[in-house]
Amino acid sequence: MTRPRILVVGAGFAGVECVRRLERRLSPGEADLTLVTPFSYQLYLPLLPQVASGVLTPQSIALSLRRSKRYRTRIIPGGAIGVDLASKVCVVRTITDETVNERYDYLVLAPGSVTRTFDIPGLVDNAFGMKTLAEAAYIRDHVISQLDLADASQDPAERSARLQFVVVGGGYAGTETAACLQRLTHAAVKRYPRLDPALIKWHLIDIAPKLMPELGDKLGRSAQEILRRRGIEISLGVSIDKAGPTEVTFTDGRVVPTRTLIWTAGVVASPLIATLGAETARGRLVVAPEMTVPGHDGVFALGDSAAVPDLAKGGDAVCPPTAQHAMRQGKVVADNVIAALRGEPMRPYEHKDLGLVVDLGGKDAVSKPLGLELHGLPAQVVARGYHWSALRTGVAKTRVLTNWALNAFAGDDFVRTGFQARRPAKLKDFEYTDAYLTSEQVRAQVEAAGPEG
């Protein structure tokens, strides 16, 4: 008899925790494990802003999947672009643009999320995202290049425009991105004696009335005061009306000349979910507390793309798309896959949120661990301590700790690494959201391959 095939889609927090637990708890002859991911590493997303600002190197937050001593999972380098639940086939597009059908007996869907965009003229053509390692490295190059170009320019209007930066999104990603990159430009401008530091202006805008409302009023105000003290202009109740290559128009009518628009206004479930034809809630796949997909045996979903019931809160609450939930969901799903494989009962997922941490760079931070409100250095110790402890490997922990220490004592050299090509790459070029198939295309692909394709 052939061994059962377990297919995991996605190598984020949820997918990797699931695979690692399956490797530990299943004997090699019990099942075949396959993981679909474009890159053979887990990206520690919360520290992306520190890569963009040069505090951390890209390699330090890319945790290799092949370093584990128990590593035995087959990795397909590509992305899942469609699933036929009836035929139990996942359609995968590899990094060489080859389309292959991958059959499964058990499917774990953890494809994560993509940047949420709206029908704003010029947005996807002119904005940068902050969702991938390539984007973070690219943004660092871009920001430093604006200083270089402004320093070389003889045109006061061009110089002013290149030194204005706009970040959209007052959540954790946007706030940390604005805070970390503002520190980068504030430190770097000292190396440009021809540039007036007063010309550097950072704008942080959000349509919501509060910055990071999950933190509560007190810590939210504390974060705003820290950013405003640094010179970051915060505009709430405001968004983007249109975006061009040299200027951005706000919904309140202001026009800001800029070459840098960073869009971090939330995320939505991976477009893969729409190919399933299954029930969704606000774009996320509806699942039971055991994270099974109703009506489809052997199919599990978790992480950002699944509306996992939050049993700790009760009612109709679903778990927020955070790393602490995704990591714990991954372990529970692995246990439930094994239980299904062995004919044992599954257990529901329940976890009480441990709190939030926001690293604003330097000694600035706001944190709310277990409901305790902190700011300043104590909050920074908690924030960095949490991130450091959450890193999966000792090598990653050593690299991150070394980077933090080196940056604190030696600073940055503000060099560009060459990621920025002559043709600008914007939000639409990094997340490949146009690669997914429709339900009809998935069915046609499966039928064309035949019963064993």
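Predicted, not measured: the structure shown is a model, and the values here were computed from it.

### Thoughts on the sheet that holds strand E7 (residues 99-103)
(1) Moving on: Spatially, the seven strands line up as an open sheet ordered E7-E6-E5-E2-E1-E8-E20, and their pairing is mixed. Each of the sheet's edge strands pairs with one partner strand only, and the pair in question is E7 and strand E20 (299-301). The mean inter-strand angle of the sheet, taken between neighbouring strand axes irrespective of direction, is 35°.
(2) Moving on: In the packing of helix H1 (residues 13-25) onto the sheet, contacts are made with strand E1 (5-9), strand E2 (32-37) and strand E8 (106-109), and the angle to E1 comes to roughly 155°.
(3) Moving on: Packing against the sheet, helix H8 (residues 323-342) makes contact with E1, E8 and E20, and its axis sits at approximately 165° to E8.

### Digging into the packing of helix H9 (residues 377-390) against helix H10 (residues 394-410)
(1) Moving on: Put simply, H9 and H10 touch, their axes get as near as 9 Å, and they point 150° apart. On the basis of their axis angle, the class for H9 and H10 is roughly antiparallel. Here H9 and H10 pass one another in a crossing that is right-handed. Taken together, the residues of H10 that come into contact with H9 (itself represented by Arg384, Trp388 and Ser389) are Lys397, Leu401 and Trp404.
(2) Moving on: Considering only residue class, the contact of H9 with H10 consists of three nonpolar, one polar and two charged.

### Overview of the UniProt feature "domain: FAD/NAD(P)-binding" (unreviewed entry) in the protein
(1) Moving on: Here, the residues flagged by UniProt with the feature "domain: FAD/NAD(P)-binding" (unreviewed entry) are residues 5-330.
(2) Moving on: Segment residues 5-330 splits into 27% helix and 28% strand. End C-alpha atoms: 18 Å apart.

### Topic: the packing of aromatic side chains
(1) Moving on: Within this structure, the stated rule accounts for six aromatic pairs.
(2) Moving on: Aromatic pair Phe39 and Tyr41: ring centres 5.3 Å apart, planes at 20°, arrangement stacked.
(3) Moving on: On the basis of relative accessible area, Phe39 is assigned to the partly exposed category, the value being 49%.
(4) Moving on: Relative to Tyr138, the ring of Phe128 has its centre 5.8 Å away and its plane inclined at 40°; by these criteria the two rings are tilted. Of this pair, Phe128 sits in the loop between helix H3 (123-126) and helix H4 (133-152) while Tyr138 sits in helix H4; the two residues are 10 residues apart in sequence, bridging distant segments of the chain.
(5) Moving on: Look at Phe128 and you get buried, because its relative accessible area is 3%.
(6) Moving on: Linked through ring pairs, Phe128, Tyr138 and Phe430 together constitute an aromatic cluster.
(7) Moving on: One cation-aromatic arrangement involves Lys397 over Trp388; the distance from NZ or CZ to the ring centre is 5.0 Å.

Calculation rules
Residues numbered from 1 in each chain as written. Predicted model: local features only at pLDDT ≥ 70, side-chain atom pairs only at ≥ 80, totals over all residues. Heavy atoms only, no water. Pairing = 2+ DSSP bridges. Helix = DSSP H or I, 4+ residues; strand = E, 2+ residues; numbered from the N terminus. Axes fitted to C-alpha atoms, helices over the stretch in contact; angles between N-to-C directions. Contact = heavy atoms within 4.5 Å. Parallel < 35°, antiparallel > 145°, perpendicular 65-115°, else oblique. Left-handed = near helix turned anticlockwise from the far one by under 90°. Nonpolar A, V, L, I, M, F, W, Y, C, P; charged D, E, K, R; others polar. UniProt positions renumbered as here; feature names shortened; annotations may be inferred. Phe/Tyr/Trp six-rings, centres within 6.5 Å; stacked < 30°, edge-to-face > 60°. Buried < 20%, exposed > 50% of the residue type's maximum accessible area, 1.4 Å probe, protein only. Lys NZ or Arg CZ within 6 Å of the ring centre and 35° of its normal.

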